[in-house]
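Structure at a glance
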Amino acid sequence: MKKIYGLLILSMFSIAVFAQGPATGIAIIPEPVSLTVGQGHFNLPQHVSIWASRDSNMAEVITFLKEKLSVATGRQVTSGSSSGSTIRLLINRRADTSLGDEGYRLSVTPAHIEIRANQPAGLFYGVQTLVQLFPKEIESPEPVAHVSWTAPCVEILDYPRFQWRGLMLDVARHFFTKQEVEQYIDQMVRYKFNVLHMHLTDDQGWRIQIMGLPRLTQVGAWNVKKVGYFGTFSIPAADEPRNFGGFYTQQDIRDIVEYARERFVNILPEVDVPGHSLAAVVSYPELSCTPGADHYQVSSGERIREDSIDNTLDPSNPKVYAFLDKVLTQVAELFPFGYIHMGGDECNKYFWNKSDSVKALMQREGLQNMDQVQSYFEKKVEQIVESKGKKFMGWDEILQGGLAPDAVVMSWRGMEGGIQAARMGHEVVMSPTTFAYLDYMQGDQAIEPRVYSTLTLSKAYEFEPLPDSVNPKLILGGQANLWTEQVYNMRHAEYMTWPRGWAISECLWSPRELRNWDDFLSRAEVHFGRYDEAEIKYAPSVFDPKFSVTRTAGGDLQVEMSMEVKGLDLYYTFDNSFPDQFYPKYSGPVIVPKDAVMLKVISYRGNTPVGRLISVPVTELQRKSTRRGE
Ligand code: ACM
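So, a few notes on the structure that sits alongside this text. Given the structure is predicted, the values throughout are model-derived calculations rather than measurements.

1. Points about the overall build of the chain
Tallying secondary structure elements over the chain gives 18 helices and 26 strands in all. In terms of overall dimensions, the chain is globule-like: its C-alpha atoms have a radius of gyration of 27 Å, near the 25 Å expected for 630 residues. With respect to the principal axes defined by its C-alpha atoms, the chain has extents near 85 × 70 × 50 Å. In the chain, of all internal contacts separated by at least 6 residues, the share reaching a separation of at least 24 is 71%. Total accessible area on the chain is roughly 25,800 Å²; 50% of this is exposed by carbon and sulfur atoms. The chain carries 63 positive and 75 negative side-chain charges, and their two centres are separated by 3 Å.

2. Topic: the pairing of strand 19 (residues 475-482)
For strand 19, a buried count of eight out of eight residues is recorded, marking the element as mostly surrounded by other parts of the structure. In this structure, strand 8 (residues 164-170) lies alongside strand 19, joined through six bridges in parallel fashion. Looking across to strand 19, one finds that Trp164 is bridged to Gly477. Pairing analysis gives three bridges linking strand 18 (residues 428-430) to strand 19, with the strands arranged parallel. Residue pairing in the sheet places Val429 in a bridge with Gly477 of strand 19.

3. Some thoughts on the sheet that holds strand 20 (residues 546-551)
Overall, antiparallel pairing links the three strands, which are arranged 20-21-23 in an open sheet. Strands with a single pairing partner mark the edges of an open sheet, and in this sheet they are strand 20 and strand 23 (590-591). Pairing of strand 20 with strand 21 (residues 557-562) involves six bridges; the strand directions are antiparallel. Residue pairing across strands places Lys546 opposite Ser562, the latter belonging to strand 21. Helix 18 (residues 618-625) rests against strand 20 and strand 21 of the sheet, and its axis sits at about 70 degrees to strand 20.

4. Describing the sheet that holds strand 15 (residues 339-343)
If you trace the eight strands once around the closed barrel, you get 8-9-14-15-16-17-18-19, paired in parallel fashion. Taking each pair of neighbouring strands and ignoring which way they run, the sheet shows an average axis angle of 25 degrees. Strand contacts of helix 11 (residues 370-387): strand 14 (266-273), strand 15 and strand 16 (391-395), with the helix running at about 145 degrees to strand 16, the strand carrying the most contacts.

5. Focus on unusual backbone geometry
With an omega of -5 degrees, the peptide bond running from Ile29 to Pro30 counts as cis. The amide bond that connects Val273 to the next residue, Pro274, takes the cis arrangement and shows omega of 0 degrees. Looking at the element boundaries, Pro274 is found in the loop between strand 14 and helix 7 (278-283). Located in the positive-phi region is Lys192, a residue other than glycine, with phi close to 65 degrees. Take Lys192: it is sitting in the loop between helix 4 (178-190) and strand 9 (195-199).

6. Points about the environment of Gln558
Note on placement: Gln558 falls in strand 21. For the pair formed by Gln558 and Asp444, sequence separation is 114 residues and the distance between their alpha carbons is 17 Å. Apart from the residues lying within four places of it in its own chain, the contact partners of Gln558 are Ser548, Val549, Thr550, Thr552, Pro589, Val590 and Ile591.

7. Describing the environment of Met362
Along the chain, Met362 turns up in helix 10 (residues 356-365). Relative accessible area serves as the criterion here: at 14%, Met362 is assigned to the buried category. Between the alpha carbons of Met362 and Arg93 there is a distance of 59 Å; along the sequence they are 269 residues apart. With sequence-adjacent residues up to four places away left out, Met362 is seen in contact with Leu367, Gln368, Asn369, Met370 and Val373.

8. A few points about the layout of surface pockets
There is about 920 Å³ of room inside the largest pocket. Residue lining of the largest pocket: 38 residues in total, with Arg173, Phe230, His276, Glu346 and Glu485 positioned closest to the centre. A per-class count over the lining of the largest pocket returns 15 nonpolar, 11 polar and 12 charged. Considering only enclosed or pocket space, the second largest pocket measures out at about 680 Å³ in volume. Along its surface, the second largest pocket is lined by 32 residues, and Phe64, Glu67, Lys68, Asp186 and Arg190 are the ones closest to its centre.

9. Topic: the pattern of salt bridges
Applying the stated criterion across every chain yields a total of 35 salt bridges. Two residues, Arg305 and Asp307, come together in a salt bridge whose shortest N-O distance is 3.0 Å. A relative accessible area of 37% places Asp307 in the partly exposed class. The structure contains a network of salt bridges with shared partners spanning Glu31, Glu506, Asp519 and Arg523.

10. Concerning the nonpolar core
The biggest cluster of nonpolar side chains holds 178 residues, and the ones touching the most others in it are Leu89 and Leu324. Looking at this core, the element that brings in the most residues is helix 8 (residues 318-334), giving nine residues. Residues within four places of Leu324 in sequence aside, it is in contact with Val273, Leu313, Met342, Phe377, Val381 and Ile384. Core analysis: the second largest hydrophobic core is formed by 19 residues, Tyr586, Leu599, Ile614 and Val616 among them.

11. So, empty space enclosed by the protein
Enumeration according to the criterion identifies two cavities of 30 Å³ or more in this entry. By volume, the largest cavity is sized at about 50 Å³. Together, Arg173, His174, Gln204, Asn223, Val224, Lys226, Phe230, Phe233, Phe244 and Ser300 line the largest cavity. Tallied by class, residues from the lining of the largest cavity come to four nonpolar, four polar and two charged.

Rules of the game
Residues numbered from 1 in each chain as written. Predicted model: local features only at pLDDT ≥ 70, side-chain atom pairs only at ≥ 80, totals over all residues. Heavy atoms only, no water. Helix = DSSP H or I, 4+ residues; strand = E, 2+ residues; numbered from the N terminus. Rg over C-alpha atoms; globule rule 2.2 N^0.38 Å. Contact = heavy atoms within 4.5 Å. Areas by Shrake-Rupley, 256 points an atom, 1.4 Å probe, with all protein chains shown as cover. Lys, Arg positive; Asp, Glu negative; His and termini not counted. Charge placed at Lys NZ, Arg CZ, Asp CG, Glu CD. Buried < 20%, exposed > 50% of the residue type's maximum accessible area, 1.4 Å probe, protein only. Pairing = 2+ DSSP bridges. Axes fitted to C-alpha atoms, helices over the stretch in contact; angles between N-to-C directions. 1 Å grid on protein atoms, 1.4 Å probe; cavity = no way out; pocket = protein on both sides within 12 Å on 5 of 7 lines; lining within 4 Å. Points joined across faces, edges and corners; volume = space filled by probe spheres on them. Nonpolar A, V, L, I, M, F, W, Y, C, P; charged D, E, K, R; others polar. Salt bridge = Lys/Arg side-chain N within 4 Å of Asp/Glu carboxyl O. Core = buried A, V, L, I, M, F, W, Y, C linked by side-chain atoms within 4.5 Å.

So, in C-alpha cells, the structure goes:
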C-alpha cells in the first residue's frame, strides 16, 4: 500500500502543472507558497475517519475539520483510529525547518489526505486550505444534496510571510456582541489572520468591565441610538434614553479569548488614551484637567469640537495613572497576548494648553511643548504596561515628543512612523490608511455608504508592509482596521471587511513575488460564491463603475464611467427603466440628457450580470461636477 501511495505521488509530480485559477478550478486565498496540481480527485467517502497525532490543541483542529466536513455534506466523520484513516493530521516529530510554527504541507491524493506541520496552528491552516479545495457548497450551514464532494489532488507547501496578520474591529463606536465578535473570528481564520485587535474604548463607549470602576460600564458604555452620517448627528436631548451600546463582562472577555485561542487567534486589547477618552471622563470626571467635565455626556456620534469638549485624560494627575494601573492589571490578566495597545492617536491638546496643572507639570519635568507632554504620559503608561509583564504598543503619534524606550509602534498615518520606529530599533506593525483602512468606501461615493475617503480592492492588494530600508525582523507584519463610526451592524461589518480582507490576507501571508492582481481577482470571485453559501456578506463594489463628471464647453453634464476590473461591459439608461445587456453599452463619455433625473447602470460579463444595478440621481452627478477628484 505504502509503495502504491509513493508511486502515485511520483506520477503526480511527473505530470504536474502549477496553477490556481479558472483552468484548474482551484482558488485558494491567501495564495500558498507552492502548489502542484496532480491528476485525479479525492472523493469524500460516506464515512470519513480522521487520524491525528497526539498534541495539545489538536482537539480544536479535529473538531473544526469534523464540523466542516459533515454539516453540508451529511457525511459521517469520526476520529481516533489510524487504520484505514482517510485524513491524517500529523505533527512532525522532527521539525520541518521550512515550515516554522504556522506552516504546513498538504497532500491530497485519490486515496488519502495528509497534512503535516510542526505545530497544531500549521495543521489548522492546512485544514483551512483543504476546505477551500472542496466545492463551495461545503460552506453551507445546511446539508446540500447532489454535490460531488471531491477535492483535486494537490501537493501544497505553505507558510506565512509575516507573524502578525491582524484585523482590528472597533467595538467602541458601535458595540458588537460577544457572538458577533466570535463570528468575526470565524471569518478571519478562513484567511489565516491570527490577531484580532479589539478597540475597546473611545468617546462613544467603554466596552470592558473593570472591577472597582463600575461607572465605566454603568455610564460609559451607553449613548443614544442615532443613524445617518456619524459626526453630524444632533446633540441628544437631556431626556433621550441612553440605552444604546453595551459592554463585555469579564466572563465575556474570557469566553472570547478562549474562542480565539481555539482558533489560533491572539486578541490584542486596546485602551485608547490619553485622547479618545470621553467615555472614561464622563464616568470619572476627575480624570480630566478641565473644570465642567462632570457635565459631559458619552458621545452619540455628534461632532466633538476641539475647543468645546475635553476628551483627554489629565497627564499631570497621579489619579490618572492609578486609574490606568487598575484598568491594566485586569486587562493584562484577562488577555494572554503579550502586547497591550494603549492608543495615543489624535490627542487633542487644546485643554492641556489651558490647564495650570499641565503647565506646572511642564515646568517640573522640563517639558517644552505638548508633544513632550504626551511623550511624558506615554512613558509612564509604558512603565505600567510593562509592570504587568506586557509589551506597550501605540499608534504612531507616540513617536512625537520622543518614543518610550521599548514601545511597539502601529503605523497608521502612512508607513513613515513605522519606518522611523524600526530605524530606532523598535518593533512595528504596519497599518497604513493608504492600504489598510477598511472603514473607507470601496467604490464611488455615489454608490457606497458615505465615508470621507476611499480604499479600493486593487489598492488594498498593493499593501506592502515591509519597506526596503529597514531591518525586516522589526516589521512584525500588518493589519487592516475596521473603524465602525459608520458601521451599524454585523452584516455591514462583513461588507466592509470582505473582499478587502482577502487582499490584505494575501499581502500578509503569501510570498511577495507571487502577488498577481488578475489572478487574485479571479479567485476572489470564486470566494464570493463561497461566501454566498456561507451566508456571509461581502462588497461586490469591484464590479461597479466609478463616475467622473465634467461640464462640456457648451455647459452639458458629461459622465465618464471607469472600472477597476477589465473585461466587463456597462449598460446604462437615463429613462428610469432597468438596464440589461440589450440597453446601450457604454463606450465613452456620455452627455446627460437635458431633463433626465436618474442614471441607471449595471455591469455584465458576456450575458451575465456581475455588478449591482446602480441608480445615481442626476443631482448627484451635478454635485460631482463641481467637486474635483471624486
Ligand atoms: C486612527 O485611525 N486614529 C488610529
